[in-house]
Amino acid sequence: MNVTLNVNNVDYTVPVSDGSMPLLWVIRDLIGLTGTKYGCGIEVCGACTVMVDGQPEHSCVMDVTSAVGRKITTIEGLSSDRSHPAQKAWIDQQVPQCGFCQPGMLMSVACAIKAGRHGNEIVNEVKNLCVCGTYSRIRKACSKL
Ligand code: FES
Ligand code: FES
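Residues numbered from 1 in each chain as written. Chains lettered and ligands numbered in written order. Predicted model: local features only at pLDDT ≥ 70, side-chain atom pairs only at ≥ 80, totals over all residues.

Student: Would you take a moment to explain the sheet that holds strand 3 (residues 49–52) for this structure?
Tutor: Adjacent strands of a sheet pair through backbone hydrogen bonds, lying either parallel or antiparallel. Read from one edge to the other, the open sheet built from five strands follows the order 2-1-5-3-4, with strand pairing classed as mixed. Unpaired on one side and paired on the other, strand 2 (10–15) and strand 4 (55–58) mark the two borders of the sheet. Shown here is a sheet whose adjacent strand axes are inclined to one another by a mean of 40°, direction ignored. Of the pairings in the sheet, the one linking strand 3 to strand 5 (residues 71–73) comprises two bridges and is antiparallel in character. Its bridge partner lying in strand 5, V52 is registered against I72. Each of strand 1 (2–7) and strand 2 is contacted by helix 1 (residues 23–31), which is oriented at about 90° to strand 2, the strand it contacts most. (Pairing = 2+ DSSP bridges. Helix = DSSP H or I, 4+ residues; strand = E, 2+ residues; numbered from the N terminus. Axes fitted to C-alpha atoms, helices over the stretch in contact; angles between N-to-C directions. Contact = placed C-beta atoms within 7 Å.)

If you want it as structure tokens, here you go:
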């Protein structure tokens, strides 16, 4: 079956084996946007977080059919020039270490900002895991937001 997804304001029509294919596989393997990462596959780590209609979603467990007709934003669509406030704060604080968790982390932070959160509210809301332990820099970056 074919599905059409709106990702970063572009419509992509892609063939999926069945409607329960995780959104993450479609974004990465069929659309080719590999910024969104696979970590745990069980909604624990947050590496796969994307924005769907302004809300954070774990794309590793979201059926692709649930995403049809909705506005999906991935790390590639957050800004074209690293100008999103979260990206600027991340660059100022040099947050990433290996970087693997960071796309999902930034998308969760971007959703919290969109929901009107600031500073510690963002830190308290974002539950993404970072194996490298960059949490102190994340807290500093969020304190500027
Ligand atoms: S890969 Fe989706 S929450 Fe970890
Ligand atoms: S920067 Fe390496 S897992 Fe977070």
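Continuing now.
Student: Just to check I follow, could you spell out the environment of D53 for this structure?
Tutor: Secondary-structure assignment places D53 in the loop between strand 3 and strand 4. Taking the number of C-beta atoms within 10 Å as the measure of exposure, D53 has 11 and is therefore exposed. D53 sits 19 residues away from I72 along the chain, and the two C-alpha atoms are 6.5 Å apart. Apart from the residues lying within four places of it in its own chain, the contact partners of D53 are R70 and K71. (Buried ≥ 20, exposed ≤ 12 C-beta atoms within 10 Å, placed from the backbone.)

Any functional reading would require information beyond the geometric quantities listed.
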